[in-house]
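Okay, here's what each chain looks like letter by letter:
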Amino acid sequence: MLRNLKDLFDSLMPAAPAQVPESAEHTLQLATAVLLVEVMRADPDLSTAERQAVIGALRDKFALADDEVARLLELAEQASRDATDYFGFTSKINAEFGMEQKVRMIEHMWRVAYADGQLSAHENHLMRRVSDLLHIPHGAYVSAKMRAKQAAGVD
């Protein structure tokens, strides 16, 4: 019986820290990747275009090899499934990124949202919440959205 209780408690405990990258740079990369994955997951129809937009954003934001991007994306998808809020990720980004970098990240997130040619209500809501947590001024938020929309060729 004690073994069964221990197994139950072990299953309820959060994932082991060994799954999370140790350095500050890796933590920042993971936080960024999770937010990009969240936009991808906000749309009920996961598209290849959205996944490619996430990969493109990670390549643009960080100098990573293909295998590193694949591993980061895998970790981000797992962390995204396990996350209960966005604050843990946005606080890391707020601590490390300047305003220009955060606005660029929001633009990348918009590009993921528009990658399939349409914007769902869930994607729009998520973008607003994340931009608030990143303290993005409304004008910069709208400008990033318009640039991403134009790049996607969406009317």
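The structure we're discussing is the one just above.
Residues numbered from 1 in each chain as written. Predicted model: local features only at pLDDT ≥ 70, side-chain atom pairs only at ≥ 80, totals over all residues. Heavy atoms only, no water.

**As for the environment of Gly88**
- Along the chain, the position of Gly88 falls in helix 5 (residues 87–96).
- Between the C-alpha atom of Gly88 and that of Ala31, which follows or precedes it by 57 residues, the distance is 8.0 Å. (Helix = DSSP H or I, 4+ residues; strand = E, 2+ residues; numbered from the N terminus.)

**Some remarks on the packing of helix 2 (residues 24–42) against helix 6 (residues 99–114)**
- One way to put it is that helix 2 packs onto helix 6 with a least axis distance of 8 Å and a crossing angle of 30°. Considering the angle they form, helix 2 stands roughly parallel to helix 6. Note on packing geometry: the crossing formed by helix 2 with helix 6 is right-handed. Contacts between helix 2 and helix 6 involve Thr32, Leu35, Leu36, Val39 and Met40 from the first element and Met105, His108, Met109, Val112 and Ala113 from the second. (Axes fitted to C-alpha atoms, helices over the stretch in contact; angles between N-to-C directions. Parallel < 35°, antiparallel > 145°, perpendicular 65-115°, else oblique. Left-handed = near helix turned anticlockwise from the far one by under 90°. Contact = heavy atoms within 4.5 Å.)

**Examining the nonpolar core**
- Of all hydrophobic cores here, the largest spans 45 residues; its most connected members are Leu35, Val54, Leu58, Ile93, Ile106, Met109 and Trp110.
- Of all the elements in the fold, those that place two or more residues in this core are helix 2, helix 3 (48–61), helix 4 (66–82), helix 5, helix 6, helix 7 (121–133) and helix 8 (138–152).
- Not counting residues within four places of it along the chain, the set of residues in contact with Leu58 comprises Ala33, Leu36, Val69 and Leu72. (Core = buried A, V, L, I, M, F, W, Y, C linked by side-chain atoms within 4.5 Å. Buried < 20%, exposed > 50% of the residue type's maximum accessible area, 1.4 Å probe, protein only.)

**Things to note about the packing of aromatic side chains**
- On inspection of all chains with the given rule, the structure shows two aromatic pairs.
- Centroid distance Trp110 to Tyr114: 5.8 Å. Interplanar angle 25°. Geometry classified as stacked. With a gap of four residues between them, Trp110 and Tyr114 both fall in helix 6, about one helical turn apart.
- Tyr114 sits in the buried class, given a relative accessible area of 4%.
- Note that Lys61 overlies the ring of Phe97, its terminal NZ or CZ placed 4.6 Å from the centroid.
- If you follow Arg128 out to its NZ or CZ, it ends over the ring of Tyr141, 4.4 Å from the centre. (Phe/Tyr/Trp six-rings, centres within 6.5 Å; stacked < 30°, edge-to-face > 60°. Lys NZ or Arg CZ within 6 Å of the ring centre and 35° of its normal.)

**Let's talk about the pattern of salt bridges**
- In total, this model carries nine salt bridges according to the counting rule given.
- In this structure, the salt-bridge partner of Arg104 is Glu107, at a minimum N-O distance of 3.5 Å. A residue pair is termed a helical-turn pair when its members lie 3 or 4 positions apart in one helix, as Arg104 and Glu107 do in helix 6 at three residues.
- Judged by relative accessible area, Arg104 falls into the partly exposed class, the value being 32%.
- Where Arg147 meets Glu107, a salt bridge forms, and the shortest distance between an N and an O atom there is 2.8 Å. In this pair, Arg147 is assigned in helix 8 and Glu107 in helix 6, connecting sequence segments 40 residues apart.
- Of the residues examined, Arg147 reaches a relative accessible area of 37% and is grouped as partly exposed. (Salt bridge = Lys/Arg side-chain N within 4 Å of Asp/Glu carboxyl O.)

**A look at helix 6**
- Along its 16 residues, helix 6 runs 22 Å from first to last C-alpha, staying within 8% of the 22 Å computed at 1.5 Å per residue.
- Among all positions in helix 6, only Lys102, Val103, Met105, Ile106, Glu107, His108, Met109, Trp110, Val112, Ala113 and Tyr114 are buried. (Expected span 1.5 Å × (residues − 1).)

**Things to note about the environment of Trp110**
- Given the relative accessible area of 0%, Trp110 is considered buried.
- With residues up to four places along the chain from it excluded, the contact list for Trp110 reads Leu119, Asn124, Met127, Tyr141, Ala144, Lys145 and Ala148.

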